[in-house]
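# Coordinates in review
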Amino acid sequence: MSDAVPAVSGRDTLIRYLRDAGGVGILALAIFVPFIGLRLHGHMNGLALGYRPKLLAIGVVLAVLARVLVLIWQDRRVHQGRAAWRAARIASAGKYVTPLLLGFAVLLPLVPGIANFYIDLGVLVMTYVMLGWGLNIVVGLAGLLDLGYVAFYAVGAYSFALLAHYYHFTFWECLPLSGLFAALWGVCLGFPVLRLRGDYLAIVTLAFGEIIRLVITNWISLTGGPNGIYNIPHPTFFGLNFNLGGGAGTFSGFFGIDPDPKQLTTYLYYIIFFLALLTNWVTLRLRRLPMGRAWEALREDEIACRSLGINVRNTKLTAFAIGAMFGGFAGCFFATRQNFISPDSFTFIESATVLAIVVLGGAGSQLGVALAAVVMIGIPALLQDLSIYRMLFFGLALVIMMVVRPRGFVSTRTPSIALGRRKLISSELISEGHG
Amino acid sequence: MTCLLEVSNLVMRFGGLTAVSRLSFTAMRGDITAVIGPNGAGKTTVFNCITGFYRPSEGEIIIHREDQSTLALHRLPGFAIAKRGRVARTFQNIRLFGGMTVLENLMVAQHNRLQAATGFTLLAVLGLGRYRHVEAEAVERAKYWLEATGLTDRADEPAASLPYGAQRRLEIARAMCTDPVLLCLDEPAAGLNPRESEELNALLLKIRAAGCSLLLIEHDMGVVMKISDHIIVLDHGKKIADGAPADIRTNPAVISAYLGDGDDDDEDAVPVAAQ
Ligand SMILES: Nc1ncnc2c1ncn2[C@@H]1O[C@H](COP(=O)(O)OP(=O)(O)OP(=O)(O)O)[C@@H](O)[C@H]1O
Ligand SMILES: [Mg+2]
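Residues numbered from 1 in each chain as written. Chains lettered and ligands numbered in written order. Predicted model: local features only at pLDDT ≥ 70, side-chain atom pairs only at ≥ 80, totals over all residues. Heavy atoms only, no water.

### Here we look at the environment of Val129(A)
Residues and elements named next belong to chain A. Spelled out, the test is: Secondary structure follows DSSP: runs of H or I at least 4 residues long count as helices, runs of E at least 2 residues long count as strands, and numbering of each begins at the N terminus. Relative accessibility thresholds used throughout: buried, under 20% of the residue-type maximum; exposed, over 50%; partly exposed, between the two (1.4 Å probe, protein chains only). The contact criterion used is simple: two residues touch if any of their non-hydrogen atoms lie within 4.5 Å.
Along the polypeptide, Val-129 turns up in helix α4 (residues 116-141). On the accessibility criterion, Val-129 (4% relative accessible area) is buried. Through-space distance from the C-alpha of Val-129 to that of Leu-277 is 9.5 Å; in sequence the pair is 148 residues apart. Leaving out residues up to four positions away in the same chain, Val-129 has contacts with Val-369, Ala-370 and Ala-373.

Here you go:
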């Protein structure tokens, strides 16, 4: 952190900048020489080493410039009044952002002539919004660091896939069942795990996520193992399917319109939109009920909760189970959308992505999580040509956030009840939870 | 006067260290019972045993209810002591829900009563049932204790932003919102200025008048001698004196424990000096 005092002379500041930026330059040089400076060329008789001094120089200069900018920016931030003012601005902007975002989400598939690709992308983003909101209950409200959220997503998806495969259940029959099974799994996993705290909890949940995936992979007689399960039915619209052949019993046949793949995508879009809104609505309701308040109190101080007669273990379990339930709903939706699922869709990277969305968005904030899902999932998918840089983008976004807004996009908390006007609570006062 | 809390032969060992050894005492209903003693005497450990944070190595802790039934606290899981035994406590190092508002802190304290009205949360999520009504009652109760502790103006501020003295009072208000029969206060006057200390005395007397008995750990003899009905003195985990304030003040064992036989001593807290 910068320790600049307003009275520091310009010369001192300059020397400080030069020293700091020089260090960064040397570091950048050391890192960039092997990564950028050297290059292996395929050659007729093997490999040859090439050099790229110009590119190397550009890289180092960029790193130094970036550091100088960060230093200048940090010095400006010393004026704390500005920071508070900005926090208030962001909070008031939130009031307009929410309805705008909501309106955009409702109207997106109805834009005339919109390509199927964009609606499909909307479905993908909305799935992650829902997962983010589900995990937000566990991480943001209850303060339990769960690195294995994908396990519940997988349980939901496989519940539907297996029931459809063996017993020909439909999507709408399976949707509540998937949530129920995932919640049951949440309780089963939570029971032994929740006596652990902090880092230990994180590691064990991570392991549970992997265990579920490995069981699915290896239980070949039931799940088909790595080959996955095919021909999972799409959802029907009051009994009408979306076959492109048209005719009686299909959506297009019934309404007398031409079959179009967009009809199904749009339908899927509104299903996941509705599911995500349900997640959000339930979370917002729960926050104002004793259970939600107990979750937040648990995040703030577990020992105090115990002294007030709150059953800490059961309260944690409810957070785990309800978070898992929404993960299960999302998993069921994922299976019906894809038609096909395999264990590859439920790797640790999914858990990490959802957790990153929650952390970037600001743990506990519904709006922040939605914005983060758009940024983390939507933007990389739009920039398809740059998809090889996706992880780079990911890392950069996380680093920038750590420097600029360590508690996420929206880090303030709205009180759940007030005698007068609700005043936002700044993130410095809020605990992040210890497990 | 009837007995409320009965501690008999309480022993608490941590590995080789015996923090509390063979301690027996009773606290009467409607009394303010003070537990005093030099630093490290084992006072907080006794509180932790009573409120279920430690499981005693030996001994019994019994609550006598008004209907003559008894409840063995040492057999209950930690959280049930506040819920079923109706024993509330505060902490030596303040433990508030810092990121939640003052009012929210008081609402969390009424969790069990509120939760019972939510119909397993399901009905309340759908906006059905009598939850609204019960919540309104809870807010009224919170308002009463806000008024009693002088925190009404700050009800909507985050607890962590309150000044120190106000945080101490909030912790007491929060404990009172659980509707306890016994309130255990661990050094409530620590860090308070003389005026705040006076207000605290008044608050504690008000709590007693409302029918809640108090168990009080305190180093500030001004507070202890003035308001307590009964004093228990601990030293090195053992009870060395037990009686009315006037007797304790002149008890030679107490004086030597406080002035020290050369080992641990605490000159600020000599009971005779502070009157
Ligand atoms: N969890 C624990 N593990 C090991 N030793 C402990 C533990 N808790 C307390 N002790 C020890 O027990 C003894 C009594 O501690 P306790 O905190 O009860 O004293 P106290 O009377 O509250 O002192 P103070 O006036 O300083 O608050 C001390 O020697 C302490 O080190
Ligand atoms: Mg103590």
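That was the structure; now back to the text.
### Re the interface of chain A and chain B
For clarity, the cut-off: Each of two parts loses accessible area, computed with a 1.4 Å probe, when they are put together; buried area is these two losses added. The salt bridge criterion pairs a side-chain nitrogen of Lys or Arg with a carboxyl oxygen of Asp or Glu, the two atoms within 4 Å. Side-chain atoms alone can form a polar contact between residues adjacent in sequence; in general such a contact is a pair of N or O atoms within 3.5 Å, and within protein one must be able to donate a hydrogen while the other accepts it.
Contacts between the two partners involve 34 residues from chain A and, on the opposite side, 43 residues from chain B. Between chain A and chain B the total buried area reaches about 3400 Å² when both faces are included, carbon and sulfur atoms providing 68% of it. Linking chain A to chain B there are three salt bridges. For Glu135(B), the salt bridge goes to Arg293(A), with nearest N and O atoms at 3.2 Å. Between chain A and chain B we count 15 residue pairs in polar contact (both at pLDDT 80 or more) in total. Those elements that place two or more of their residues in the side of chain A that touches chain B are α10 (261-287), α11 (290-300) and α12 (302-307) of chain A.

### Examining the coordination of the magnesium ion (ligand 2)
All names here are of chain B. Just so we agree on the cut-off: Here the coordinating atoms are restricted to nitrogen, oxygen and sulfur within 2.8 Å of the metal centre, or 3.2 Å for Na, K and Ca, and because water is not among them the sites may look incomplete.
Each protein donor to the magnesium ion (ligand 2) is listed here as Thr-44 (OG1) and Gln-92 (OE1); together their distances run 1.9 to 2.2 Å. Taken as a pair, Thr-44 in helix α1 (residues 43-50) and Gln-92 in the loop between β6 (87-89) and α3 (102-109) lie far apart in primary sequence, 48 residues in all. For Thr-44, a relative accessible area of 24% corresponds to the partly exposed category.

### Observations regarding the pattern of salt bridges
Summed over the entire model, instances satisfying the criterion amount to 21 salt bridges over all chains. For Arg413(A), the salt bridge is made with Glu104(B), and the minimal N-O distance between the two is 2.7 Å. Of this pair, Arg413(A) sits in the segment after α16 (390-404) while Glu104(B) sits in helix α3, which puts the two residues in different chains. Glu104(B) shares its class with Arg413(A); the two are buried. Glu58(B) serves as the salt-bridge partner of Arg13(B), at 2.9 Å between the closest nitrogen and oxygen. Placement of the pair is Arg13(B) in strand β1 (residues 3-14) and Glu58(B) in strand β4 (residues 58-64), with a sequence separation of 45 residues.

### With respect to the domain arrangement of chain A
Rules: An automatic or database domain assignment is the source of the domain bounds shown.
Along its sequence, chain A is organised into domain 1 (10-72) and domain 2 (91-429). The gap between the C-alpha centroids of domain 1 of chain A and domain 2 of chain A is 40 Å.

### Quick word on the packing of helix α15 (residues 366-382) of chain A against α16(A)
All names here are of chain A. Rule in force here: Between N-to-C directions, angles cover 0 to 180 degrees, with each direction set by a line fitted to C-alpha atoms, over the stretch in contact for helices. Roughly parallel means an angle under 35 degrees; roughly antiparallel, over 145; roughly perpendicular, 65 to 115; everything else is oblique. With the far helix as reference, a near helix turned anticlockwise by less than a right angle produces a left-handed crossing, and one turned clockwise produces a right-handed crossing.
Packing of α15 against α16 leaves a shortest axis separation of 11 Å and a crossing angle of 150°. Comparing their axes, α16 and α15 come out roughly antiparallel. Where α15 crosses over α16, the handedness of that crossing is right-handed. Taken together, the residues of α16 that come into contact with α15 (itself represented by Val-375, Met-376, Ile-379 and Pro-380) are Arg-390, Phe-393 and Phe-394.

### Topic: helix α5 (residues 150-167) of chain A
Residues and elements named next belong to chain A. Spelled out, the test is: For a helix, the expected span equals 1.5 Å multiplied by the residue count minus one.
The end-to-end C-alpha separation of α5 is 25 Å, in line with the 26 Å expected for 18 residues at 1.5 Å each. Counting buried positions along α5 yields 15 of 18 residues, so the element is predominantly enclosed. Where α5 ends, the next residue or the one after it, His-168, has phi of about 60°, a positive value.

### Examining the site of ligand 1
Residues and elements named next belong to chain B. Definition in use: In this text, near means that some heavy atom of the residue lies within 4 Å of the molecule or strand in question. Exposure was quantified through the Shrake-Rupley algorithm and a 1.4 Å probe, taking into account, for residues, occlusion by the shown protein chains and nothing else. The residue classification treats Ala, Val, Leu, Ile, Met, Phe, Trp, Tyr, Cys and Pro as nonpolar and Asp, Glu, Lys and Arg as charged. All others, Gly included, are polar.
What surrounds ligand 1 is a group of 14 residues, the closest being Asn-39, Lys-43, Thr-44, Thr-45 and Gln-92. A distance of 2.9 Å separates an oxygen atom of ligand 1 from a polar backbone atom of Gly-40. The separation between an oxygen atom of ligand 1 and a polar side-chain atom of Thr-44 is 2.6 Å. When ligand 1 sits alone it has 630 Å² of accessible area, and the protein chains cover 64% of it. Of all the secondary-structure elements, those providing two or more residues to the shell around ligand 1 are β2 (17-28) and α1. Of the residues forming the shell around ligand 1, the biggest block, three residues, is contributed by α1. Along the lines of polarity and charge, the residues of the shell around ligand 1 split into five nonpolar, seven polar and two charged.

### A closer look at a nonpolar patch on the surface
All names here are of chain A. Quick note on the threshold: Within this analysis, patches are made of residues with over 30% relative accessible area and no salt bridge. Like charges are joined at 9 Å or less; nonpolar side chains (Val, Leu, Ile, Met, Phe, Trp, Tyr) at 5 Å or less.
A contiguous nonpolar surface patch, about 990 Å² in accessible area, is contributed by Phe-117, Tyr-118, Ile-379, Leu-382, Leu-383, Leu-386, Ile-388, Tyr-389, Leu-392 and Phe-393. When residues of the nonpolar patch are traced back to their parent elements, those giving at least two are α4, α15 and α16. Turning to its location among the elements, Phe-393 is positioned in helix α16. We classify Phe-393 as partly exposed; its relative accessible area is 33%.

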